[in-house]
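# Results of the structural survey
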Amino acid sequence: MEIIDIIKLVAPEFEEVSDEDICAWVHLCEPFVDKKVFGVFYPQAVAYLACHKMKLAGAGSEASGGVGAALGAVGSGYGITSISAGQSSISFAAGIASSAEQDAEFMRTQYGLQFVQLRKLVVVPITISP
């Protein structure tokens, strides 16, 4: 399955984004995903990373989740945890434990989380015990 097909399957919110723009995002993300390391997961990894970057850039539609989802996306994209207007207030889960966390950027979107899950399948961390 081609990367652009995976994006269209897993991220219907980007259906209004042109194929040309999606391809540009894919080309921007490809150097950050090693084909040899990810192997059969390479197309999926690039697709999730491209979706993550597009989401953070504000591409795509928010219509599927209504006003709450749209506000939540704005909040997660800019590190906002609550919005208040008059007597009304809406709070969002921050999703980031600390700014020092290695994968903090990926925790900001569901696509980033999926990318990290795939990476955990193929990259074995090295631990040194005392």
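Residues numbered from 1 in each chain as written. Predicted model: local features only at pLDDT ≥ 70, side-chain atom pairs only at ≥ 80, totals over all residues. Heavy atoms only, no water.

## So, the pattern of salt bridges
The full count for this structure, using the stated rule, is 4 salt bridges. Two residues, Glu 105 and Lys 53, come together in a salt bridge whose shortest N-O distance is 2.8 Å. Here Lys 53 lies in helix α4 (residues 42–56) and Glu 105 lies in the loop between β2 (88–91) and α6 (110–122), a separation of 52 residues in the sequence. (Salt bridge = Lys/Arg side-chain N within 4 Å of Asp/Glu carboxyl O. Helix = DSSP H or I, 4+ residues; strand = E, 2+ residues; numbered from the N terminus.)

## Some details on the packing of α4 against α6
Taken N-terminus to C-terminus, the directions of α4 and α6 make an angle of 155°; their axes are 8 Å apart at the nearest point. In this view, α4 runs roughly antiparallel relative to α6, as classed from their interaxial angle. In this structure, the crossing between α4 and α6 has a hand that is left-handed. Across the interface between the two elements, Gln 44, Ala 45, Tyr 48, Leu 49, Cys 51, His 52 and Lys 55 from α4 touch Tyr 111, Gly 112, Gln 114, Phe 115 and Leu 118 from α6. The residue makeup of the contact of α4 with α6, split by class, is 7 nonpolar, 4 polar and 1 charged. (Axes fitted to C-alpha atoms, helices over the stretch in contact; angles between N-to-C directions. Parallel < 35°, antiparallel > 145°, perpendicular 65-115°, else oblique. Left-handed = near helix turned anticlockwise from the far one by under 90°. Contact = heavy atoms within 4.5 Å. Nonpolar A, V, L, I, M, F, W, Y, C, P; charged D, E, K, R; others polar.)

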